[in-house]
Amino acid sequence: MELDGKVCVVTGGSRGIGRSICIEMAKAGAAVAVNYFSNQKAAEDVVSEIESLGRPAQAFKADIADFSQVQQMMDEIYKKFGRIDILVNNAGIAKDMLLLKMSEKDWGDVIATNLTGIYNATKNVVRYMIKQRQGRIINISSIVGIYGNAGQANYAAAKAGIIGFTKALAKELGSRRITVNAIAPGFIKTDMTSSIIEKSREIEEKIPIKRLGTPEDVAYMAVFLASPRAEYITGQIIAIDGGFTL
Ligand code: NAP
């Protein structure tokens, strides 16, 4: 098992892409800390599924946008598992609106969760990784952070911010044997995209691979980036979009 003995933290691990990343990390051998915000039942279901695979797991509630909650959670995770090797910054929300109608709250909430949340989680994990002289940080950005999208100025700004953060930190932490990469998913079938599913035929036509992505399509890349085979990959932004942005 490639990730045997490793401890992985997944923010927003209760649903969608995060859920799938938790399960695939466990299948590869890792113990998993499943962060969630409000869906305790969903997070506990992920924990049970991981335990049925014979791997340790625990759910941890914290609002990723709140620095002190995240600090307390990471300290609890370290105390429980004794190390943190992999951090997947996945938690995210969307509050789509054309700029003229976008409230300060819709702007602020998306930046706080999707961008500041990544600072909060990474800042509170990196000292453990430095102590261990190794670590993997995997940030979930979006193709919208590279190409933009009308009606998503807040989301696109946060996702583009993640790309800058990823590249800066890759340079900062490379000598510590910590790699930092981002995944930029395209259209993935989750609760977040449920409203576009009725238009899915139209979207699928524009995707060379002719289907929407699944959470597993993203999770497989996260596991690879966490594995020893990805040791020499850092600062990269990898699109998982079926060729949509070609
Ligand atoms: P999702 O199904 O809506 O799940 C979102 C997850 O984030 C849930 O586990 C949720 O926890 C958690 N979360 C939300 N706010 C949080 C907070 N303040 N603190 C901690 N956790 C929080 O979304 P998804 O589609 O899987 O998206 C996952 C990531 O991929 C996001 O960063 C998203 O921007 C990105 N992404 C998605 C797509 C797509 O097509 N789906 C495309 C590109 C990028 P609760 O269950 O407790 O609410």
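This text follows the structure it describes.
Quick look at the structure, then. The model shown is predicted, which means the values in this text are computed figures rather than measured ones.

This paragraph deals with the pairing of strand E6 (residues 178-185). For E6, the tally of buried residues reaches 8 of 8 residues, placing the bulk of the element in the interior. Burial of the side chains of E6 extends over both faces: Ile178, Val180, Ala182 and Ala184 are buried on one face and Thr179, Asn181, Ile183 and Pro185 on the other. Note that strand E5 (residues 135-140) and E6 share 6 bridges and pair parallel. Note that in E6 the partner of isoleucine 137 across the bridge is valine 180. As defined by bridge partners, E6 adjoins strand E7 (residues 237-240) across 4 bridges and the pair is classed as parallel. Note that in E7 the partner of alanine 184 across the bridge is alanine 239.

For the rest of this paragraph, the subject is the site of the ligand. Near the ligand you find 32 residues, and of these Ser14, Ser38, Asn90, Tyr155 and Thr190 are the closest. Take serine 38: an N or O atom from its main chain is 2.6 Å from an oxygen atom of the ligand. One nitrogen or oxygen atom from the side chain of lysine 159 is found 2.9 Å from an oxygen atom belonging to the ligand. For the ligand, whose accessible area on its own is 910 Å², the fraction buried by protein is 96%. For the shell around the ligand, the secondary-structure elements that each account for two or more residues are helix H1 (16-27), strand E2 (31-36) and helix H6 (153-173). In terms of residue class, the shell around the ligand is built from 13 nonpolar, 15 polar and 4 charged.

Here the focus is the side chain of aspartate 85. On the secondary structure map, aspartate 85 appears in the loop between helix H3 (67-81) and strand E4 (86-89). Residue aspartate 85 is classed as buried on the basis of its relative accessible area, which comes to 2%. For aspartate 85, the residues in contact, after removing those within four places along its chain, are Gly5, Lys6, Val7, Met129, Gln132, Gln134, Gly135 and Arg136.

Approximately 340 Å³ is the volume attributed to the second largest pocket. For the lining of the second largest pocket, the residue count by class is 7 nonpolar, 6 polar and 6 charged.

Orientation of H1 relative to helix H2 (residues 40-52), taken along the N-to-C sense of each, is 15°, at an axis distance of 9 Å. Between H1 and H2, the crossing angle belongs to the class labelled roughly parallel. Considering the relative orientation of H1 and H2, their crossing is right-handed. Where H1 abuts H2, its residues Arg19, Cys22, Ile23 and Ala26 lie against Val46, Glu49 and Ile50. Taken together, the residues of the contact of H1 with H2 break down into 5 nonpolar, no polar and 2 charged.

Looking now at the packing of aromatic side chains. With the rule as written, the count across this model stands at 3 aromatic pairs. Ring geometry for phenylalanine 187 against phenylalanine 244: centres 5.3 Å apart, planes inclined by 80°, an arrangement best described as edge-to-face. Residue phenylalanine 187 is found in the loop between E6 and helix H7 (200-206), and its partner phenylalanine 244 is found in the segment after E7; the two are separated by 57 residues along the sequence. What makes phenylalanine 187 partly exposed here is its relative accessible area of 26%. Lying over the aromatic face of tyrosine 128, arginine 127 brings its terminal NZ or CZ to 4.8 Å of the ring centre.

Here is what the cut-offs are and how they apply
- Residues numbered from 1 in each chain as written.
- Predicted model: local features only at pLDDT ≥ 70, side-chain atom pairs only at ≥ 80, totals over all residues.
- Heavy atoms only, no water.
- Buried < 20%, exposed > 50% of the residue type's maximum accessible area, 1.4 Å probe, protein only.
- Helix = DSSP H or I, 4+ residues; strand = E, 2+ residues; numbered from the N terminus.
- Pairing = 2+ DSSP bridges.
- Near = heavy atom within 4 Å.
- Polar contact = N/O pair within 3.5 Å; in protein donor to acceptor, adjacent residues only side chain to side chain.
- Areas by Shrake-Rupley, 256 points an atom, 1.4 Å probe, with all protein chains shown as cover.
- Nonpolar A, V, L, I, M, F, W, Y, C, P; charged D, E, K, R; others polar.
- Contact = heavy atoms within 4.5 Å.
- 1 Å grid on protein atoms, 1.4 Å probe; cavity = no way out; pocket = protein on both sides within 12 Å on 5 of 7 lines; lining within 4 Å.
- Points joined across faces, edges and corners; volume = space filled by probe spheres on them.
- Axes fitted to C-alpha atoms, helices over the stretch in contact; angles between N-to-C directions.
- Parallel < 35°, antiparallel > 145°, perpendicular 65-115°, else oblique.
- Left-handed = near helix turned anticlockwise from the far one by under 90°.
- Phe/Tyr/Trp six-rings, centres within 6.5 Å; stacked < 30°, edge-to-face > 60°.
- Lys NZ or Arg CZ within 6 Å of the ring centre and 35° of its normal.

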